[in-house]
Amino acid sequence: MAIARTGVFVDDYLESSEACQYHTRARRTIPIHDKSDEAADEVLLGVVLSELKKREKKMRPHLKKMRKAIEANQDNASSLCTEKVLLAQQAYELIDSHVKRLDEYLTNFAEDLNHGA
């Protein structure tokens, strides 16, 4: 049993030493990969930017049409809001005049009741 256990420990030791060697090699090569990754990122960024510029050129006419439609809708909404305010003012004035007339009728009716009693 002791021999079998010792073999396991030796295997574990050898595996860990191989892992340490791998990590040491990886640490040495990381700066090289970082520089190449930065260069690749710059190239990729350039490609993405050029693609965005192409799409922007294609979308410009559509954006202009959309902007004009939005401005027309805003103007329409503004005129509808103004019309709504004017209608509300007319309704208020009409109701106010009817309430005043009712107040007069009630005042006259109260005076008639007081004179008749």
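Residues numbered from 1 in each chain as written. Predicted model: local features only at pLDDT ≥ 70, side-chain atom pairs only at ≥ 80, totals over all residues. Heavy atoms only, no water.

Colleague: So what exactly am I meant to see when it comes to the pattern of salt bridges here?
Modeller: Between side chains of opposite charge, a pair can form as their charged atoms come close. Scanning the entire structure with this criterion turns up three salt bridges. Glu-51 is the salt-bridge partner of Arg-55, the closest N and O atoms lying 3.5 Å from each other. Here Glu-51 and Arg-55 lie together in helix H1 (residues 2-116), a separation of four residues that amounts to about one turn. Assessed through its relative accessible area of 51%, Arg-55 is described here as exposed. Of the residues examined, Glu-51 reaches a relative accessible area of 36% and is grouped as partly exposed. Put simply, Glu-56 and Arg-60 hold a salt bridge, and the shortest N to O gap is 3.6 Å. With Glu-56 and Arg-60 both in helix H1, this residue pair falls four residues apart, about one helical turn. Since its relative accessible area comes to 42%, Arg-60 is described here as partly exposed. (Salt bridge = Lys/Arg side-chain N within 4 Å of Asp/Glu carboxyl O. Helix = DSSP H or I, 4+ residues; strand = E, 2+ residues; numbered from the N terminus. Buried < 20%, exposed > 50% of the residue type's maximum accessible area, 1.4 Å probe, protein only.)

Colleague: Would you mind showing me how to read a negative patch on the surface here?
Modeller: There is a patch of like negative charges on the surface, built from Asp-37, Glu-38, Asp-41 and Glu-42. Here Glu-38 lies in helix H1. (Patch = residues over 30% accessible without salt bridge, like charges linked within 9 Å, V, L, I, M, F, W, Y side chains within 5 Å. Areas by Shrake-Rupley, 256 points an atom, 1.4 Å probe, with all protein chains shown as cover. Lys, Arg positive; Asp, Glu negative; His and termini not counted. Charge placed at Lys NZ, Arg CZ, Asp CG, Glu CD.)

Colleague: Got a minute to help me understand a nonpolar patch on the surface in this structure?
Modeller: On the surface, a nonpolar cluster with roughly 460 Å² of combined accessible area is contributed by Leu-44, Leu-45, Val-48, Leu-49 and Leu-52. Within the fold, Leu-52 resides in helix H1.

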